[in-house]
2 protein chains.
Amino acid sequence: MKKMTMMKFEKQRLNELRMKMKKEGISFCLIPSTDYHASEYIADYFKVTEFFSGCTSDNVTLVISENEALLWTDGRYFISAAKELEGTGIKLMKTGEPGVPCVKDYLKNHLKEGDVLGYDGRIIKALHANEFRMAAAEGGWKIRSDFDPAAEIWTGRPALPGNPVWVLGEDMAGESAESKLERIRKAMVERHAEIYIITALDEIMWTLNLRGRDIDYNPVALSFLVLYKNGGRVYLQKAAMPEKEYLSALGLTVFDYESFYEDLSGEIFTGEDFGDRTGVMFSHQDISDCILNAVLRKNFKPIPAASPVAMMKAVKNEIEMRNIRECYLRDSVALCRFLCRLQKRMEEYAEGGDGPDGKMTEISVAELLYSFRAEIPDFIGLSFETISAYADNGAIVHYAPSKEHDREIAPEGFLLIDSGGQYKSGTTDVTRTVVLGPVTEEMRRDFTLVAIANLRLLTAKFPEGCTGANLDMYVRAPLWEKGIDFKHGTGHGIGYVLNVHEGPHNISWNLRNKREYIPIKPGMIFSDEPGIYREGKYGIRTESIVECIPDECNEFGQFLRLRPLTYVPIDMRALNFSEMEEGDIKRLNAYHEEVYQKISPHLKDAEELAWLKEATKPVKLSKIPDDKNRRDADD
Amino acid sequence: MKKMTMMKFEKQRLNELRMKMKKEGISFCLIPSTDYHASEYIADYFKVTEFFSGCTSDNVTLVISENEALLWTDGRYFISAAKELEGTGIKLMKTGEPGVPCVKDYLKNHLKEGDVLGYDGRIIKALHANEFRMAAAEGGWKIRSDFDPAAEIWTGRPALPGNPVWVLGEDMAGESAESKLERIRKAMVERHAEIYIITALDEIMWTLNLRGRDIDYNPVALSFLVLYKNGGRVYLQKAAMPEKEYLSALGLTVFDYESFYEDLSGEIFTGEDFGDRTGVMFSHQDISDCILNAVLRKNFKPIPAASPVAMMKAVKNEIEMRNIRECYLRDSVALCRFLCRLQKRMEEYAEGGDGPDGKMTEISVAELLYSFRAEIPDFIGLSFETISAYADNGAIVHYAPSKEHDREIAPEGFLLIDSGGQYKSGTTDVTRTVVLGPVTEEMRRDFTLVAIANLRLLTAKFPEGCTGANLDMYVRAPLWEKGIDFKHGTGHGIGYVLNVHEGPHNISWNLRNKREYIPIKPGMIFSDEPGIYREGKYGIRTESIVECIPDECNEFGQFLRLRPLTYVPIDMRALNFSEMEEGDIKRLNAYHEEVYQKISPHLKDAEELAWLKEATKPVKLSKIPDDKNRRDADD
């Protein structure tokens, strides 16, 4: 959003960084776009990659050397990052594209004997640092893990946030923090761990039934949690600490967030029972280089593990599921009311009138949707920045309009709206692609394929043990058959009054590491969001959230089934029914019938009811002649 | 087949084994059903589990203690193994079933401090032995890896086979052994290995362009191959050695097969360049406990690797593919001629006459099929024991009829025939389920589902990078939707004039270990063989072999496609077209049209041609009304 005015700043900042690197003897500097907690969304304090590059993508790695500046990001951001990097002199590295080396390989090939790689070990995952160290040992170069690139250069750096935390009562959490701690300590015993360091903010919030607001859209507080067999230490910002008594009742002592790194080389690992090879458990995916090194320096035994908290958190309990179902229903009602209003506005547009409120833009559409959500009593705020993307902006997977780049919408083509709310009863996420007016045959064909893909997964039935790599095929197969693919996952887990993206499960055919081969279990919820993106033309995505429930148990084993949580019509005006199988039409009709049954009781307005009726009207099935006719008709 | 007469022997043999164990201080004895090469099919010499248990399954682990005898096998054999174990006192452990511990967990829970586990380290994989050693260290029990359970007890033990080997000329292999050795040595260099020990028989045969006949159905010779940076050692049976000159021209020295284990503690690891930590590469899946221990004793560095030879072998070259396509066509012609003849015979049956050749049985059907294959000029023999399974025998996944248990077939229900040939131009595998007469609605429903599943994978299109876990979903999804599953993989790789089962790729949704997440590549061939098995009623399987070929490369990446190698009609008399989607009918028609085009030129007989015409006749598609009608018809 700051593109036009800031371009010159970024070049200057890179120059300052290079001077600092030279002074400190650093040949290459590595900066990922994360915080001390391996968070996906981060507080402004941590936006160092954006400070140096201007790139606002979530998943960035920046590598700076005397002669080169490179920025890696993933397929969701190829289009937006390319725009943001224009004129900065920074080269875009498209992760996963043919011929593009990964960061590790790039470093391996470019650092020479005697070179020094510098980074801030607090924001580099140990997982990656270990690879760099191996490459350094082979290549004869060195690593300095205490190099903070922004220090001194980023003079106006925002402060670390420190907002008050609040307790999510057991009536809403469905399980007390005591009970959760008991389960977690059992996992510690199973893994022979005396100490368990939790750094992921949503895992700490879930464990302690706390919520905060230190990161936009994510109701989390900056924190660290260190658990012992008895008791433990919570690190929180001073201003956030009213919950001291609640926490001490849990046997936990509260410390200042900013003293965590100091305590790492002291108090945290000092205990009567601790000796050589004391087991320290942590999530092998999240732990930072800095923390692992502290464990190793102490000669304690690192116990890397797939986070037991992430797994517990992913399986929602009955209270959570009850709240989530109701929350999604209210959220769906808001969406439907918004879609009805939008359609009326576009009809006025098409008839030549701008309507009483003037022309609409991507932002005003997002605001209209916000106003419907804001009417819901327990609404807290959005769960992520609304993607309201008109026409070719829809092809930018994580596009968000800005004041400088807002765009008027017209009664033709598609508007892609991906949005979600944080409520005291859940976290939502939903995408619909809306027909604003005439669409081409190509657009109809792609829209139909996306609907087919979405519907095939929406109520899929499968045996216990299936992972996201299996389930993704429901969605990909119909697209692949036409030579089409989309470069993002099909689905992600969703928190409960927590982050809109959470693991450990992941619906993706090419899961990158074994950790993600997580069987889908009853109580898990995740998104079903296929898309087709035509750069420079349009983007389509249909996203509903599903829950996993048990189905029949028979001679072949225990089956599970998916059931939608989202009840919002798929825009039939862009569906080409003749390209759908009978089964696809049946799935569409069944979903729309359920949408009508669930949503209509909550609509008071006659216009909205009529809209819903039309938007969910069943499609007629063609009659299939009986088998005998089929075989003999040509005789 | 020896069931009725041998039952008493097995009990006696177990008693003898228990006495021997007691004498040698062994508390538990572990015997897997494999040989020194981790082979799936084994020479009679190695059939120790069958000797002690009477169970003829391929994939067995036997555990004997003073009080218990247990036999683990997988889902393919649950029904047959249960029958074979009746009255032996051996308990069947169904691998993977709920509540059934794996062998390791069983040992962990049952061996107590001071106990001794005994096994023959030459036939135990190091992979498993390492787990046992860890469990032993934890549990305070011991392992003896030089305990040969059959020695002394198995007095009439067959000799090790030692049949002559032959060279598959470069004109048929498509690549010289020199070229293969060069590629393999490159893989050794990449992995910093000075020595590479290959024990898998088909890998040795492929590498050296040799073939043998030491194992039924598998054209392999008992052998070991040790490669150095220059030269190497081939271990072969004395009688098999006429190829000494061919092998010495490859820089390889030939030694006696039976001296391999002796040389392991001597000559094999003695070389000028070898010192401490010399790198020794081997397949981490195949290597035996005995070999790994020899490497460790020498203080050499073990380099476990996914076998580079297995990967090279899996991607067929152009000459191999050309031969395979032609070979499969000839094999399909034989199948079609057989199916025509079988149908005529069954029609005679139904009309009351037994025909001139008397009543047919499972074995006589298999012999009839054999006779058609035997007419093909380069036919060598079968690629596995023909499964000719009538009625409920079809539910026994790896059923094979025996003289004692042969069964008459009647003009009703299904006959499942799974068979394949070894030819000098390829190795085939194909299953069809044939309608012999009236079938029930349930049988039709299941048969239709299996056909739908088979056809969905048969010509699937997908991007580069897809693994068997993704592709399996084409097959499973339609079955799962109806709450049905089958307990075997959907597909396996197939050798070229080699083993009918080969890896490393594997079409299975629940791949057991990471090694099997192998992307499917052009040049790979594998089976597409869904089934439905109703114990005590019937079994259905439809198996065609497919090859992977490149498809379009577009903005979304490089796509690949599958194409059938097998061209044999699917029996439409049991298809319920009204349960098939239009797409399924189109796939059926397209396949049958291709079958007719490919096979009809090779049929000389008018009756056979007429049969093929009828068996591949297109099914009429129902007309789908246009979109407008679909939406408005109910107005």
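The preceding data block contains the structure.
Definitions and limits used
Residues numbered from 1 in each chain as written. Chains lettered and ligands numbered in written order. Predicted model: local features only at pLDDT ≥ 70, side-chain atom pairs only at ≥ 80, totals over all residues. Heavy atoms only, no water. Helix = DSSP H or I, 4+ residues; strand = E, 2+ residues; numbered from the N terminus. Rg over C-alpha atoms; globule rule 2.2 N^0.38 Å. Buried < 20%, exposed > 50% of the residue type's maximum accessible area, 1.4 Å probe, protein only. Lys, Arg positive; Asp, Glu negative; His and termini not counted. Charge placed at Lys NZ, Arg CZ, Asp CG, Glu CD. Least-squares fit on C-alpha atoms with pLDDT ≥ 70 in both. Phe/Tyr/Trp six-rings, centres within 6.5 Å; stacked < 30°, edge-to-face > 60°. Lys NZ or Arg CZ within 6 Å of the ring centre and 35° of its normal. Patch = residues over 30% accessible without salt bridge, like charges linked within 9 Å, V, L, I, M, F, W, Y side chains within 5 Å. Areas by Shrake-Rupley, 256 points an atom, 1.4 Å probe, with all protein chains shown as cover. Salt bridge = Lys/Arg side-chain N within 4 Å of Asp/Glu carboxyl O. Pairing = 2+ DSSP bridges. Axes fitted to C-alpha atoms, helices over the stretch in contact; angles between N-to-C directions. Contact = heavy atoms within 4.5 Å. Buried area = accessible area lost by both parts, 1.4 Å probe. Polar contact = N/O pair within 3.5 Å; in protein donor to acceptor, adjacent residues only side chain to side chain. Nonpolar A, V, L, I, M, F, W, Y, C, P; charged D, E, K, R; others polar. Core = buried A, V, L, I, M, F, W, Y, C linked by side-chain atoms within 4.5 Å. Disulfide = S-S within 2.5 Å. Expected span 1.5 Å × (residues − 1). Arc of directions from axis to C-beta.

A. Looking closely at the overall build of chain A. Of the regular secondary structure elements, chain A holds 19 helices and 28 strands. Taking 26 Å as the expected radius of gyration for a compact globule of 635 residues, we find that chain A reaches 26 Å, a close match to that expectation. In terms of overall dimensions, chain A has C-alpha extents of about 80 × 60 × 55 Å along its principal axes. The buried share among the 635 residues of chain A stands at 60%. Chain A carries 81 positive and 100 negative side-chain charges, and their two centres are separated by 2 Å.

B. Up close: the relation of the copies chain B and chain A. For the pair chain B and chain A, the superposition axis carries a translation of 0.0 Å, the fit reaches an RMSD of 0.0 Å, and the rotation angle comes to 180°. What we have between these two chains is a two-fold relation. Residues of chain B ranked by C-alpha distance from the rotation axis are headed by Asn 470 of chain B, positioned 2.8 Å from it.

C. Here's a closer look at unusual backbone geometry. All names here are of chain A. The omega torsion of the bond from Gly 503 to Pro 504 falls at 5°, within 30 degrees of zero and hence cis. Here Pro 504 shows up in strand β23 (residues 502-507). The phi dihedral of Asn 299 is positive, around 60°, even though this residue is not glycine. Of note, Asn 299 is situated in the loop between α11 (289-297) and β14 (301-305). Its relative accessible area of 34% is what places Asn 299 among the partly exposed residues.

D. A look at the packing of aromatic side chains. Tallied over the full model, the rule gives 46 aromatic pairs over all chains. When the ring of Tyr 45 of chain A is compared with that of Phe 46 of chain A, the centres are 5.0 Å apart and the planes differ by 85°; the resulting orientation is edge-to-face. In this structure, Tyr 45 of chain A and Phe 46 of chain A share a single accessibility class: buried. The ring centre of Phe 255 of chain A lies 3.8 Å from the NZ or CZ of Arg 233 of chain A, which sits over that ring. Cation over ring: Lys 424 of chain B sits above Trp 166 of chain B, and NZ or CZ is 5.3 Å from the ring centre.

E. A negative patch on the surface, seen in detail. Residue and element names in this part refer to chain A. Taken together, Glu 347, Glu 348, Glu 351, Asp 605 and Glu 607 make up a surface patch of like negative charges. Along the chain, Glu 607 falls in helix α18 (residues 606-615). Note on Glu 607: relative accessible area 44%, which makes it partly exposed.

F. How the structure looks around the pattern of salt bridges. Across all of its chains, the model carries 83 salt bridges over all chains by this definition. The residue Arg 444 of chain A makes a salt bridge to Glu 441 of chain A at a minimum N-O spacing of 3.4 Å. Of this pair, Arg 444 of chain A and Glu 441 of chain A both sit in helix α15 (residues 441-458), three residues apart, which is roughly one turn of the helix. A relative accessible area of 53% means that Glu 441 of chain A is categorised as exposed. It is possible to trace a salt-bridge network through shared partners that takes in Glu 442, Arg 445, Asp 446, Arg 534 and Lys 537 of chain A together with Glu 555 of chain B.

G. Geometry of the sheet that holds strand β17 (residues 414-419) of chain B. Residues and elements named next belong to chain B. With antiparallel pairing, three strands are arranged side by side in an open sheet as β16-β17-β20. Edge positions in the sheet fall to β16 (387-390) and β20 (430-435), since each has one partner strand and no second. When the angles between neighbouring strand axes are averaged without regard to direction, this sheet yields 10°. Pairing analysis gives four bridges linking β16 to β17, with the strands arranged antiparallel.

H. Inspection of the interface of chain B and chain A at higher detail. The interface is formed by 58 residues belonging to chain B together with 57 residues belonging to chain A. Where chain B abuts chain A, roughly 4,900 Å² becomes buried across the two surfaces, and 51% of that area is made up of carbon and sulfur atoms. Linking chain B to chain A there are four salt bridges. A salt bridge links Arg 561 of chain A to Glu 481 of chain B; the shortest N-O distance between them is 3.1 Å. Linking chain B with chain A are 14 residue pairs in polar contact (both at pLDDT 80 or more). Only β21 (461-463), α16 (468-481), β25 (531-534), β27 (544-554), β28 (557-564), α17 (582-599) and α19 (627-632) of chain B provide two or more residues apiece to the side of chain B that touches chain A. Here the side of chain B that touches chain A takes seven residues from α16 of chain B, the largest share from any one element. Split by residue class, the side of chain B that touches chain A holds 24 nonpolar, nine polar and 25 charged.

I. Fine view of the nonpolar core. With 190 residues, the main nonpolar core has Phe 338, Leu 342 and Phe 462 of chain A together with Phe 338, Leu 342 and Phe 462 of chain B as its most contacted residues. Among residues more than four places away in sequence, those in contact with Phe 338 of chain A are Val 365, Leu 368, Leu 369, Phe 372 and Ile 417 of chain A.

J. Structural context of the state of the cysteines. Residues and elements named next belong to chain B. This structure, assessed with the given rule, holds zero disulfides over all chains. Cys 55 carries a free sulfur, and the closest cysteine sulfur to it, the one in Cys 29, is 16 Å from it. Judged by its relative accessible area of 1%, Cys 55 is buried.

K. Quick look at helix α14 (residues 362-374) of chain A. All names here are of chain A. Its 13 residues give α14 an end-to-end C-alpha distance of 18 Å, which sits within 8% of 18 Å, the value for a rise of 1.5 Å per residue. All buried positions along α14 are accounted for by Glu 362, Ile 363, Val 365, Ala 366, Leu 368, Leu 369, Phe 372 and Arg 373. For α14, the secondary structure elements touched by its buried residues are α13 (318-350), β15 (379-382), β16 (387-390), β17 (414-419), β18 (421-423) and β20 (430-435).

L. The arrangement of the side chain of Lys 316 of chain A in detail. Relative to the assigned elements, Lys 316 of chain A resides in the loop between α12 (308-314) and α13. Within polar-contact distance, the side chain of Lys 316 of chain A engages the backbone oxygen of Lys 313 of chain A at 3.3 Å.

M. Spatial organisation of the environment of Lys 112 of chain B. Residue and element names in this part refer to chain B. Tracing the chain through its elements places Lys 112 in the loop between α4 (103-110) and β5 (116-118). Residue Lys 112 is classed as exposed on the basis of its relative accessible area of 53%. Through-space distance from the C-alpha of Lys 112 to that of Gly 495 is 44 Å; in sequence the pair is 383 residues apart. Setting aside residues up to four positions removed in sequence, Lys 112 forms contacts with Gly 139 and Trp 141.

N. Fine view of the sheet that holds strand β19 (residues 426-427) of chain B. All names here are of chain B. Strands sit in the order β15-β18-β19 across an open sheet of three strands; the sheet is antiparallel. Looking at which strands have only one partner, the edges of the open sheet turn out to be β15 (379-382) and β19. Bridge count between strand β18 (residues 421-423) and β19: two bridges; the pairing is antiparallel. Directly across from Tyr 423, in β19, lies its bridge partner Gly 426. Sitting on the sheet, helix α14 (residues 362-374) is in contact with β15 and β18, with an inclination near 160° to β15.

O. Fine view of helix α7 (residues 177-190) of chain A. All names here are of chain A. When the terminal C-alpha atoms of α7 are compared, their 20 Å separation across 14 residues agrees well with the 20 Å that a helix rising 1.5 Å per residue should span. Within α7, burial applies to Ala 177, Lys 180, Leu 181, Ile 184, Arg 185, Ala 187 and Met 188. Projected down its long axis, α7 carries its buried residues within an arc of 155°, all on one side. Looking at α7, the residues exposed on the side facing more than 90 degrees away from the buried face are Glu 182, Lys 186, Val 189 and Glu 190. For α7, the elements touching its buried residues are β8 (195-198), α8 (201-208), β10 (223-228), α9 (244-249), β13 (279-283) and α12.

In short, shape yes, function no, at least from these values alone.
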